[in-house]
Amino acid sequence: MHDNSILVRARIARFVSERIEPAIYRDRRPLTIEAWEVPGEPVPFSEARAATYRPFTVGQPWGKPWGTTWFHVTGQAPVEWQADGTRIELLVDLGFTSGQSGFQAEALVFRADGSVIKAIEPFNAYVPIDPGGAVDLYIEAASNPDVAAGGFTRPTRMGDTLTSGVEPIYSLRHIDIALLDREVWQLDREFVALGGLMAQLPHGTMRPAEIQRALERAMDVMDPQDIAQTAKAGRAELAGVLAKPASASAHRITAVGHAHIDSAWLWPVRETIRKCARTFSNVLQLMDEDPEFVFACSSAQQYAWIKEFYPELFERIRARVAEGRFVPVGGMWLESDTNLISGESMARQLIAGKTFFQREFGVEPQEVWLPDSFGYSGALPQIVAAAGSKYFLTQKISWNETNVFPHSTFDWEGIDGTRILTHFPPVNTYNSDLSAAELALSEHNYAEKGDANSSLVPFGYGDGGGGPTREMLAAAKLTRSLEGSPTVEISSPQSFFERAEAEYATPPVWTGELYLEFHRGTYTSQARTKRGNRRSERLLREAELWAATAAIRSGFVYPYGELEGLWHTVLLQQFHDILPGTSIAWVYRVAEQEYARVATELEAIISGALGSLSAADGDSGPVTSFNASPFVVDGIAPLSSGVAATAGSVRLERIGDGFVLESDRARFELDDSGRIRSAIDLRTGRETIPPGALAAELQLFRDTPTQWEAWDIDVHYQRHGEVIDAVDGVAVTEESGRVTVTFTRSFGASRLSQQFSLEAGSASIEIATHVDWHERQKLLKLAFPLDLRAERAASEVQFGHIYRPTHDNTSWDSARFETSAHRWMQVGEPGFEVAIANDSTYGHDVTRQPRPGGGTMTVLRQSLLRAPLFPDPDADQGEHDFRASFTIGAEIADAVREGYRLGIPLRSGPLGQGGAVVPLLSIDNPAVVIETVKLAEDRSGDLVVRFYESLGARATAHVTFDVPATGITETDLLERELGEPTALVSTTESSAQLSLRPFQLVTLRIARA
């Protein structure tokens, strides 16, 4: 027989699109439509139902950008529609575009009593009608603009209600009552599944030919003019090929219902709340019809929104959780960024999330679920384990530009040596539709072939929500065991991990961070949000410390509820499209308001606690300083108060073409352009600046990424830079123990000032940069060329640091040309080291470059500002402040101390009648850092203290508590006593002896007498 496959397959495609699909609905009729446009922000159903509705016609425009229109739809199905094998449904087309689900108009459908049925979305546009065929429904339609319709580089004003206009952007196409033919619908699903499988199998083999002929016979036995009456015959022709089971060696897929809902991105947080309601109602409706459907949902914050705004929906979710079908996963407050948030923030994401899931549902997720964050800190495995979890899932590393990640299932080893079983779904998406192409891709990409044979596929429309559809569930059923296809079982993430763990006794190990070779601009975009996060983290530390101290010392009422609420606000802003700077303008307008509120409320808590501790009589008494840092600052012990005193001397001298700032530790020389041309460690006489080089140099680069504007910094930026060296003015300030030189500059449309300050006794020159920024598509860096040859650079991460090579020997090294760090980076060669610290900067790069006179020098740069045009066309415009410090002769311990000094400044206030504040605890080894001091989450009044080893070495420490106590125990992050202590060696009534491995994180709970 000659091969006519091309013609047959073309016939199949046409038959499906022109005959089967139009026959899925036997009949459809228009309904009576009325509408009411909400004048402002969304309103609850009760208010909408009471509104005045006006007649509305199909084809009529509706919906200003970000608006809400309620449609009231009434009517009755024809009596003759009551036929076997059919179902009456509502079909709605709000004017959907060709864009993807979740990025345009959406709606939620209510019964007249206010109960939610399900959502209307571009690829899920039906609603089941109750028996009897009567229609009396209310549709809350959101006219959300498709912000990314022009791609991810073009500016748009659609990202904020202040700029998006008021003209309608959609036209209603239809709201009909329709009669679904179940037999034809199933026939359509079988054609799609078999046709997809046929396309994936090797041409010229038996199985695709067999499927092709079965499809051809099915077309032959059906009447194209009467599909409804002949669909059964067509399905009978397909039964044989559908009944053939998968081979014994078929790849095993666990399909997990999923809907990745970004908690803000190309929509504001307020719209995310409604997206959650739409998605979850879709899921619940599917569960009512399919008892095998299992759906996994992360982010306690999203459940909390549903509980607050849709309580009836939340109770339905609660019932399905109890059945094990609506599965809370991840255990985090939401799917946060993991590069930029602090160690304590990462801990609180898990503490808040798990606490919510345990309280509301009695469940504790065992996996951390972060499919879409922009890279994963090497500190994460330890924090995950410390929260009582065992597994980790991500998908995002499939986006790497340069290297293909080598594993699908592996042990991920963190900076302290903790390992967690990790899965990287080879399907390369977290929004699968379970098509034959994606199932085949999952098998093809699976890296552990021969050693194991299981992967996970998250399926359902995501990013903007929507979730699984009935078509996806049909695909799963048809491929449960189908020859030529991987097997598909719908189940939970935990069941997958348990199976993977059982079948793969010795998985490969990946050590250190999971660096995303893409989206490197997220370390820098939206600098105000990043500063707001860093400030909030610092104020939360201070508020908890001083409130706990005051509660124990003076009976201050610890503000449990207020602190929890403020933490939740900060955790929300750490979402992986908010903090990284990749959301629309509206999101950042709200974020700045929220950070301002957080700061105001935390300052009030701190003021109240310190007032209680000081018991001041007006402003009487000497001025004292409160030190919330874990290190001595200006003579004040950690976690205490006292009168600040600086040791040593400092001088400022004007020389011919510059300035000298000198302490008894270091000598810095500035030229008249405001750059450091010499930095000498007076203890050793070592010069830090290479010959002819200038440090603290502002460099401006062209920043035009190829694909994702706010997300990316592409390596070609390095070829287009200029130095900002023009000076408008210079000013000199000399204070007791501190000298400052200030340079003002202008460039392009922007202005800035830089203050160089040196304090007595310090080896750190501090650089305060104020920028009034009005550039577009530019990248501003602060560069430090250093006269040392560093093989690697240390970057602070959560509860420790990691080393990255400064060369680009391999493609992995070369791809890591922009990296994140927290408060400091440190580089060195044997015998001499340098640290660069910051107060709110995350993006950095470190390179080795030729040194004048021979050898190489190391150049470390901080990325201060960007100016991307999408999704916020005005990103970063306006005023910004940055503080950095340049410390010479700095070992890792010095870098750690400097990071805390710059990040947690002393707080001044009256000493008052209470005298100096005595710290609640002290520790005899500065390598073991006191990170958190607070009262217990269970509101028992117990004291909780968190420590970590900061130098990457084994350490012992003796901790002394000045707290009446009845016992000291080591706990996990959720403050539950560990069965076997990992660091606690011994205790007395008032002390604890610790033995820590490198970078170990330890939480102690002190039961108060």
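In what follows, the structure referred to is the one given above.
Residues numbered from 1 in each chain as written. Predicted model: local features only at pLDDT ≥ 70, side-chain atom pairs only at ≥ 80, totals over all residues. Heavy atoms only, no water.

Asks: Please clarify how the pattern of salt bridges should be interpreted in this entry.
Replies: Pairing between side chains of opposite charge can happen when their charged atoms approach one another. Counted under the stated rule, the structure contains 92 salt bridges. As a salt-bridge pair, Lys477 and Asp290 come within 2.4 Å of each other at their nearest N and O atoms. One end of the pair, Lys477, is in helix α12 (residues 470-478); the other, Asp290, is in the loop between α6 (269-289) and β14 (295-297), with 187 residues separating them in the sequence. Note on Asp290: relative accessible area 9%, which makes it buried. Of the charged contacts, one joins Arg316 and Glu312 as a salt bridge, the two residues approaching to 3.5 Å between their closest N and O atoms. Residue Arg316 and its partner Glu312 are both found in helix α8 (residues 311-323); the two are separated by four residues, about one turn of the helix. Here Arg316 falls in the partly exposed class, since its relative accessible area comes to 22%. One salt-bridge network, held together by shared partners, links Glu41, Glu106, Glu140, Arg270, Glu271, Arg274, Lys275 and Arg278. (Salt bridge = Lys/Arg side-chain N within 4 Å of Asp/Glu carboxyl O. Helix = DSSP H or I, 4+ residues; strand = E, 2+ residues; numbered from the N terminus. Buried < 20%, exposed > 50% of the residue type's maximum accessible area, 1.4 Å probe, protein only.)

Asks: Even after reading the chapter, I still don't get unusual backbone geometry, so can you show me in this structure?
Replies: Trans is the common state for peptide bonds, and a negative phi is the common state for residues other than glycine. Residues Phe870 and Pro871 are joined by a peptide bond in cis, for which omega reads 5°. Of note, the phi angle at Phe799 is positive, near 55°, even though the residue is not glycine. Here Phe799 lies in the loop between β37 (792-797) and β38 (800-805). For Phe799, a relative accessible area of 4% translates into the label buried.

Asks: Explain the sheet that holds strand β51 (residues 984-987) to me, please; I cannot follow it from the model alone.
Replies: Strand pairing in a sheet relies on backbone hydrogen bonds, with the paired strands running either antiparallel or parallel. Taken in spatial order, the four strands of this open sheet run β46-β49-β52-β51, and their pairing is antiparallel. Taken across any chain shown, the strands that pair with only one partner, and hence form the sheet edges, are β46 (921-923) and β51. Between one strand axis and the next, the sheet turns by 20° as a mean value, whatever way the strands run. Of the pairings in the sheet, the one linking β46 to strand β49 (residues 955-961) comprises three bridges and is antiparallel in character. Across the sheet, residue Ser922 finds its bridge partner in β49, namely Thr960. (Pairing = 2+ DSSP bridges. Axes fitted to C-alpha atoms, helices over the stretch in contact; angles between N-to-C directions.)

Asks: Teacher, can you tell me more about the pairing of strand β13 (residues 252-257) here?
Replies: A regular strand places its side chains so that they alternate between the two faces of the sheet. Buried residues dominate β13, accounting for five of its six residues. The sheet contact formed by β13 and strand β20 (residues 454-459) spans six bridges and is parallel. Bridge pairing links Ala255 to Val457 in β20. One ladder, built from four bridges, connects β13 with strand β21 (residues 487-490); its direction is parallel. Bridge pairing in β21 links Ala255 to Ile490.

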